[in-house]
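Analysis of the macromolecular model
Each chain is listed here by its residues.
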There are 4 protein chains.
Amino acid sequence: MGSASNDKHTSILDAAYGLFGSAGFYETKMSQVAEQAGIAKGTIYLYFKNKEELFMAVTQRDCEGFLKQLEEKLGAENNLNGKLAVIADHHLFYYYDRKQHTKLFFRAPNNNPELVAYMTQFIEQYTQAVMKVLLEGGATEPELMAQSYIGMLDRLKMDILFHPDFTADDARKRSLFAAGLFINGAMNALHIPEAEAPPS
Amino acid sequence: MGSASNDKHTSILDAAYGLFGSAGFYETKMSQVAEQAGIAKGTIYLYFKNKEELFMAVTQRDCEGFLKQLEEKLGAENNLNGKLAVIADHHLFYYYDRKQHTKLFFRAPNNNPELVAYMTQFIEQYTQAVMKVLLEGGATEPELMAQSYIGMLDRLKMDILFHPDFTADDARKRSLFAAGLFINGAMNALHIPEAEAPPS
Amino acid sequence: MGSASNDKHTSILDAAYGLFGSAGFYETKMSQVAEQAGIAKGTIYLYFKNKEELFMAVTQRDCEGFLKQLEEKLGAENNLNGKLAVIADHHLFYYYDRKQHTKLFFRAPNNNPELVAYMTQFIEQYTQAVMKVLLEGGATEPELMAQSYIGMLDRLKMDILFHPDFTADDARKRSLFAAGLFINGAMNALHIPEAEAPPS
Amino acid sequence: MGSASNDKHTSILDAAYGLFGSAGFYETKMSQVAEQAGIAKGTIYLYFKNKEELFMAVTQRDCEGFLKQLEEKLGAENNLNGKLAVIADHHLFYYYDRKQHTKLFFRAPNNNPELVAYMTQFIEQYTQAVMKVLLEGGATEPELMAQSYIGMLDRLKMDILFHPDFTADDARKRSLFAAGLFINGAMNALHIPEAEAPPS
DNA sequence: CATGAATGAGATTTCATTCAT
DNA sequence: TATGAATGAAATCTCATTCAT
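What counts and what doesn't
- Residues numbered from 1 in each chain as written.
- Chains lettered and ligands numbered in written order.
- Predicted model: local features only at pLDDT ≥ 70, side-chain atom pairs only at ≥ 80, totals over all residues.
- Heavy atoms only, no water.
- pLDDT = per-residue confidence, 0-100.
- Contact = heavy atoms within 4.5 Å.
- Near = heavy atom within 4 Å.
- Polar contact = N/O pair within 3.5 Å; in protein donor to acceptor, adjacent residues only side chain to side chain.
- Helix = DSSP H or I, 4+ residues; strand = E, 2+ residues; numbered from the N terminus.
- Phe/Tyr/Trp six-rings, centres within 6.5 Å; stacked < 30°, edge-to-face > 60°.
- Buried < 20%, exposed > 50% of the residue type's maximum accessible area, 1.4 Å probe, protein only.
- Lys NZ or Arg CZ within 6 Å of the ring centre and 35° of its normal.
- Core = buried A, V, L, I, M, F, W, Y, C linked by side-chain atoms within 4.5 Å.
- Domains from an automatic or database assignment.
- Least-squares fit on C-alpha atoms with pLDDT ≥ 70 in both.
- Arc of directions from axis to C-beta.
- Buried area = accessible area lost by both parts, 1.4 Å probe.
- Salt bridge = Lys/Arg side-chain N within 4 Å of Asp/Glu carboxyl O.
- Nonpolar A, V, L, I, M, F, W, Y, C, P; charged D, E, K, R; others polar.
- Axes fitted to C-alpha atoms, helices over the stretch in contact; angles between N-to-C directions.
- Left-handed = near helix turned anticlockwise from the far one by under 90°.
- Parallel < 35°, antiparallel > 145°, perpendicular 65-115°, else oblique.

Chain A goes by Helix-turn-helix transcriptional regulator in an unreviewed UniProt entry, where it is assigned to Paenibacillus agri.

See the structure below:
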């Protein structure tokens, strides 16, 4: 019983996830969502108040899943390097595993304050999770460090979305690269005279 | 006359830049652009084929300006560390200087292949510019390094858009932080036993 | 059992009466009627073919009650003045007693011929009832007189609907006023030279 | 120029007047209004913000015309009886002349407070105009008298709307009847023993 | 008898674009 | 060139009604 009603709710979310993810908010029509979910247009409105709320629900489910999985993986790891590697892996493979659905990823309605608030909060939570790892390692500027690490990963993931022939090995290579660069810096790979280097 | 028509072309671009930048593509109405530019709606179509092309033109002008300024600044600098600092500064201050117009930055129409192609090309050019600097420094994985550095900067810039009280000093601090972290890595700031550290 | 089903029929009518009466036909939703009646939406359709028929039934019950009560009161009175007073009282207090439910009174679907027919018939019956009283008094133009009297009363009642602080005393005052004006005319209250007055 | 733009505004109002008047607010579709006015659907929205405002504009134009004409006719008449006759004539012939367009007259959206406010104000203005006449005649209860007179007229007009064979002579007869009844009362036409009559 | 999830026709409204002036 | 009134396609959302349980 519960699962039956749950099924419809879920199939709407799934359909919306695929469409919003690949075409964006405005380009996705409620009729497409209904068709994809195999239900009538009006039925969507029994489960979601309107298009924006549906988008919000899709976003939340996705973000929560991202964070929850990350926490689980971090819990299973207890040394610092390992945790940084877990973060990199998670970030890259999360998108790699969903590359079909997030070809262009989210294009959200801009003027929805609730959504902006939610996304801000999501980013903060993600940043907090990374900061926590860094603090355990004794970092002095954990917030900027966390942001930097996340930024690196986010850019390194982009090619997943654009290059159709991106492989899991490519993802793993980037994940390792990111962790290494973050910890050791680029200095070793660059010819920087000691005298030139800015104070670390 | 030539300059007069040029003026109109420019004022449309300026108006569109402000509106697209602060409200996004779909939320910006052609009538608003016309009003802001001080011309009639129909006149826009004498200069731009349609809304998407106008958006494209706005994006191009912005991206080209970004790259051109970057090249100029890099040309004036000849040591590696200096160039990395220039990149960081440019990235952060470009957005800092335009924070009024890019509060939410661009929300583009997703299904316009030309735009997607252009954005891809822009990112590539930006990456190439950074790679060139890194290659001069002898980097072994210049592309991943360039992407990582750009990613760091892009994330560190986010707070400019979200925190209204972000100051120029905050921007400068982050720019220095980014360059330092990129070169030296986080190791020095973290308690990582040598044995634990992955090979760089 | 009969009474149980009767109860449900009645509670639907009661709910619909309150909602149609205060919000109008189109503004009242079948789901609201169901909720107010404490039953499921589908159940309404076991008792009434559709929304229009429900509206019709509500209207009929109300109109029939209005006429039935009037007849009873008229039967208990046997002089002409008394009967006219009864009519005035009945008209004003009927609405006064229901002012909660008829704040905006009925807004009916316009294109339902059955309803139009019923309302016409109701007005005719009401007019007939008043005419009968007037005929017993020997009136020469009983129909126009009856319509005029009803019209006076109907307008004098309006303030009940609009002024929330309308009291029962106000209603009684208006009822007396109407009967007096109808019988004696305005002449006594106006400075009309005999010569000016039209022939009665 | 002015008249050209005015023409479109007017033709929308005319079309809406006819449709709202004969079919009611909800039953009238904006597409019908556009078709009747000979323009495109979207054009209506250049002149009126939405359906409710169009309805409001139609109502206002009608009510203002009613009051303005009444004032003009009253200004041309200077004895009391004549003015009362003018009011009766105006009320009946206004509807008689428009019987095509007001077969069912207005059925308004119930929940529009602006419209309710406007209608209330209109009724007050009409009442005031009648009161002014009565006050000049020295009436003691001018408001109740005015309401009563208007009510009589409003009911006497109803048959215009329902009986297709209602003639101008019928209207004139009713107008005279109303004025006579209002001034002289029904007493003369009824067998009411003096003793029975309530105090006037 | 009773339910309420599901339906889908249909209405209002927006806004990019056109074109006669 | 420049205008801006007019267009009409297209999208969201509502809600009376049905029907399997």
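**Thoughts on the confidence of the model for chain A**
Per-residue pLDDT for chain A averages 88, and the proportion of residues at 70 or more is 89%. Of the regions scoring below 50 in pLDDT, residues 1-5 of chain A engages in one contact with residues more than four places distant in sequence or in other chains.

**As for the protein's contact with DNA strand E**
Neighbouring DNA strand E are 31 residues, the closest being Thr-43 and Tyr-47 of chain A, Lys-29 of chain B together with Thr-43 and Tyr-47 of chain C. Sugar plus phosphate: this is where 70% of the atoms of DNA strand E within 4 Å of the protein reside. Here a phosphate oxygen of DNA strand E and a side-chain polar atom of Thr-43 of chain C are 2.5 Å apart. Looking at the surface near DNA strand E, the elements that each hand over two or more residues are α3 (41-47) of chain A, α3 (41-47) of chain B, α1 (2-23) and α3 (41-47) of chain C together with α3 (41-47) of chain D.

**Re the packing of aromatic side chains**
Under the definition given, this model contains 52 aromatic pairs over all chains. Aromatic side chains Phe-25 of chain C and Tyr-26 of chain C sit 5.0 Å apart centroid to centroid with 90° between the ring planes, which places their arrangement in the edge-to-face category. Here Phe-25 of chain C falls in the buried class, since its relative accessible area comes to 4%. Residue Tyr-26 of chain C is classed as partly exposed on the basis of its relative accessible area of 26%. Through successive ring pairs, a cluster of aromatic residues spans Phe-20, Phe-25, Tyr-26 and Phe-55 of chain A together with Phe-20, Phe-25, Tyr-26 and Phe-55 of chain B. One Lys or Arg, Lys-157 of chain A, reaches over the ring of Tyr-95 of chain A and ends 4.2 Å from the middle of that ring.

**Examining the nonpolar core**
Counting 130 residues, the largest nonpolar core has Leu-54, Tyr-149 and Phe-182 of chain A together with Leu-54, Tyr-149 and Phe-182 of chain B as the members making the most contacts within it. Two domains each donate at least three residues to this core, and these are domain 1 (1-48) and domain 2 (56-196) of chain B. For Phe-182 of chain A, the residues in contact, after removing those within four places along its chain, are Leu-84, Leu-134, Met-145, Tyr-149 and Met-152 of chain A together with Leu-181, Gly-185 and Ala-186 of chain B. Counting 129 residues, the second largest nonpolar core, distinct from the first, contains Leu-134 of chain C together with Leu-19, Leu-54 and Ile-87 of chain D.

**Things to note about the relation of the copies chain C and chain D**
Aligned on chain D, chain C shows an RMSD of 0.2 Å; the corresponding rotation is 179° and the shift along the axis is 0.0 Å. On the angle and the small slide along the axis, the relation comes out as a two-fold axis. In terms of proximity to the rotation axis, the leading residue of chain C is Gly-185 of chain C, whose C-alpha is 1.6 Å off the axis. A share of 98% of the interface residues of chain C reappears at the interface of chain D, consistent with the copies meeting face to face through the same patch.

**A few points about helix α2 (residues 30-37) of chain D**
Residues and elements named next belong to chain D. Along α2, the residues classified as buried are Met-30, Val-33, Ala-34 and Ala-37. All buried residues of α2 lie within an arc of 95° about the axis, which places them on one face of the element. Summarising the geometry of α2, the exposed residues directed more than 90 degrees from the buried face are Glu-35 and Gln-36.

**A look at the relation of the copies chain B and chain A**
For the pair chain B and chain A, the relating rotation is 179°, the translation along its axis is 0.0 Å, and the fit reaches an RMSD of 0.2 Å. In this assembly, 98% of the residues forming the interface of chain B have copies in chain A that are likewise at the interface, indicating an isologous arrangement.

**Regarding the interface of chain B and chain A**
Counting from both sides, the interface comprises 55 residues of chain B and, opposite them, 54 residues of chain A. Regarding the contact of chain B and chain A, the summed buried area is about 5200 Å², with carbon and sulfur atoms giving 60% of it. Notably, a salt bridge pairs Arg-155 of chain A with Asp-154 of chain B, separated by 3.5 Å at the nearest N-O pair. At the surface where chain B touches chain A, the tally comes to 15 residue pairs in polar contact (both at pLDDT 80 or more). Taken together, the elements giving at least two residues each to the side of chain B that touches chain A come down to α5 (80-97), α6 (113-136), α7 (142-162) and α8 (168-184) of chain B. The biggest single contributor to the side of chain B that touches chain A is α7 of chain B, with twelve residues. Here the side of chain B that touches chain A is composed, by residue class, of 29 nonpolar, 17 polar and nine charged.

**Details of the protein's contact with DNA strand F**
Around DNA strand F, the structure places 30 residues, and the nearest of them are Thr-43 and Tyr-47 of chain B, Lys-29 of chain C together with Thr-43 and Tyr-47 of chain D. In the model, a phosphate oxygen of DNA strand F is placed 3.1 Å from a nitrogen or oxygen of the Tyr-45 of chain C side chain. Within the backbone of Ala-40 of chain D, a nitrogen or oxygen atom sits 2.9 Å from a phosphate oxygen of DNA strand F. Contributions of two or more residues to the surface near DNA strand F are made by α3 of chain A, α3 of chain B, α3 of chain C together with α3 of chain D. Looking at the surface near DNA strand F, its residues break down into twelve nonpolar, eight polar and ten charged.

**A short note on the side chain of Arg-174 of chain A**
By the element assignment, Arg-174 of chain A lies in helix α8 (residues 168-184). For Arg-174 of chain A, the side chain forms a polar contact with the main-chain oxygen of Leu-156 of chain A, separated by 2.9 Å. Sequence-distant contacts of Arg-174 of chain A, that is, excluding residues within four places in its chain, are made with Leu-92, Leu-156, Asp-159 and Phe-166 of chain A together with Leu-144 and Gln-147 of chain B.

**Comments concerning the packing of α8 of chain A against α7 of chain B**
Contact pair α8 of chain A / α7 of chain B: the axes reach a minimum separation of 11 Å and the direction vectors enclose 65°. As α8 of chain A packs across α7 of chain B, the resulting crossing turns out to be right-handed. Here Lys-173, Arg-174, Phe-177 and Leu-181 of chain A of α8 of chain A come into contact with α7 of chain B, specifically with Leu-144, Met-145, Gln-147 and Ser-148 of chain B. Partitioned by chemical class, the residues of the contact of α8 of chain A with α7 of chain B number four nonpolar, two polar and two charged.

**A look at the packing of α8 of chain A against α8 of chain B**
The geometry of α8 of chain A relative to α8 of chain B is characterised by a closest axis approach of 5 Å and an angle of 110° between their N-to-C directions. Relative to α8 of chain B, the element α8 of chain A is oriented roughly perpendicular. In this structure, α8 of chain A uses Leu-181, Phe-182, Ile-183 and Asn-184 of chain A to contact α8 of chain B, whose residues at the interface are Leu-181, Phe-182, Ile-183 and Asn-184 of chain B. Counted by class, the contact of α8 of chain A with α8 of chain B contains six nonpolar, two polar and no charged residues.

**Side note on the interface of chain C and chain D**
The interface of chain C with chain D comprises 55 residues on the first partner and 54 residues on the second. It is Asn-110, Leu-144 and Arg-155 of chain C that lose the most area in chain C upon contact with chain D, and together they represent 13% of the buried surface on that side. Seen at the junction of chain C and chain D, the total is four salt bridges. On the surface where chain C and chain D come into contact, there are 14 residue pairs in polar contact (both at pLDDT 80 or more). Only α5 (80-97), α6 (113-136), α7 (142-162) and α8 (168-184) of chain C provide two or more residues apiece to the side of chain C that touches chain D. Class assignment for the residues of the side of chain C that touches chain D results in 29 nonpolar, 17 polar and nine charged.

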